[in-house]
Amino acid sequence: MITPDTFVAMDPFGGVYPMFDLLEDMREREAKNKQEIDAKLQRADAPRTWITGTRYPRSSALDRMALVDLTIVSIPQKDELGDRPPPPARLATQSNTPVLAIAPGGTRFDTYGNAMVAWNGSAEAARALCAAVPLLSRAENVTIVHIEEAKPHALSPTDAAEYLGYYEIRSDIREVARSDRITSDVLAEAAALADASYIVMGAYGHARLQERIFGGVTQALSTNSNVSLFMAH
């Protein structure tokens, strides 16, 4: 649990005022969250270490992610973000650890429910698929959704299905014709049709032109998705 070290308000004349009330409110919510999560983990007899920090949340989380198998975060509400990229997208693109972003108030995350793989044949999508095998092995149904591209990648959706077959994971392939619609909307619709509990997908930043296209998908779904996201970069 990471709490920022301080909040400040500024006036037009350069005055800076610490927002102690806001910080205290966040600490109270943090204590309540800790109590609820601790109780659930105790019922599950799960070993745990609770670490509390007072620093910039993203940098602290990235430091810790180097020694974990999976990072679990919540998808923030759109009005919490301003102009910033959503935290799940930033964490997924800036670390080598898979990120599971839970959609609060959306479709319930169920490890034994249906899963959807958003496949475009890229290295990022392949890494996400490989990392998600322990989850996908529990899924009731796995649907690989492939949006046709003008320049396809080397790895086809059939290759992805064959890879899952090595782990005795059966999957169906659904081809979606390319259109003028926003890719994130197409994937969200496909997830609804598949009744998916979560989407496995590559996380894309903005280092290359290709990532500029798919990076928008990562950010859009990390902001608006009603379905949990399993992402890897």
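Every value quoted in this text rests on a predicted model; they were computed, and no experiment measured them. (Residues numbered from 1 in each chain as written. Predicted model: local features only at pLDDT ≥ 70, side-chain atom pairs only at ≥ 80, totals over all residues. Heavy atoms only, no water.)

The next thing to look at is the nonpolar core. Grouped together as the largest cluster of nonpolar side chains are 26 residues, with contacts concentrated most on Met 116, Leu 187, Ile 199, Met 201, Leu 229 and Met 231. Elements with a contribution of two residues or more to this core: helix 3 (87-93), strand 6 (99-102), strand 7 (114-119), strand 8 (142-147), helix 7 (183-193), strand 10 (196-202), helix 8 (209-224) and strand 11 (228-232). For this core, the element with the most residues is helix 7, which contributes 4 residues. Setting aside residues no more than four positions away along its own chain, Ile 199 makes contact with Met 116, Ala 118, Leu 187, Ala 191, Val 227, Ser 228, Leu 229 and Phe 230. Formed by 24 residues, the second largest nonpolar core is a distinct cluster that contains Leu 129, Leu 135, Leu 164 and Tyr 204. (Core = buried A, V, L, I, M, F, W, Y, C linked by side-chain atoms within 4.5 Å. Buried < 20%, exposed > 50% of the residue type's maximum accessible area, 1.4 Å probe, protein only. Helix = DSSP H or I, 4+ residues; strand = E, 2+ residues; numbered from the N terminus. Contact = heavy atoms within 4.5 Å.)

Quick look at the side chain of Thr 97 now. As for its placement among the helices and strands, Thr 97 is situated in the loop between helix 3 and strand 6. Dropping the residues within four chain positions of it, Thr 97 is found in contact with Met 65, Val 68, Asp 69, Leu 70 and Thr 71.

Applying the stated criterion across every chain yields a total of 3 salt bridges. As a salt-bridge pair, Lys 34 and Asp 38 come within 3.4 Å of each other at their nearest N and O atoms. Remark: Asp 38 and Lys 34 occur in helix 1 (residues 20-43); sequence separation between them is 4 residues, near one turn of the helix. Lys 34 sits in the partly exposed class, given a relative accessible area of 31%. The residue Glu 189 makes a salt bridge to Arg 181 at a minimum N-O spacing of 3.2 Å. Under the relative-accessibility criterion, Glu 189 is labelled partly exposed at 40%. (Salt bridge = Lys/Arg side-chain N within 4 Å of Asp/Glu carboxyl O.)

Another aspect to go through is the side chain of His 146. Take His 146: it is sitting in strand 8. In this view, His 146 contacts Trp 119, Asn 120, Pro 157, Arg 174, Glu 175 and Val 176; residues no more than four positions away in its chain are not counted.

Below, the discussion takes up the sheet that holds strand 9 (residues 172-176). If you walk across this open sheet you meet the 7 strands as 5-6-11-10-7-8-9, and the pairing is mixed. Here the strands that pair on one side only, and so sit at the sheet edges, are strand 5 (71-74) and strand 9. In this sheet, adjacent strand axes meet at a mean angle of 25° when their direction is disregarded. Looking at chain direction, strand 6 and strand 11 are connected through 3 bridges and run antiparallel. When the bridges of strand 11 are listed, Ala 101 appears paired with Leu 229. Its contacts with the sheet put helix 4 (residues 123-131) on strand 7, strand 10 and strand 11, and the angle it makes with strand 10 is roughly 135°. Running at roughly 160° to strand 8, helix 6 (residues 157-165) makes contact with strand 7, strand 8 and strand 9 of the sheet. (Pairing = 2+ DSSP bridges. Axes fitted to C-alpha atoms, helices over the stretch in contact; angles between N-to-C directions.)

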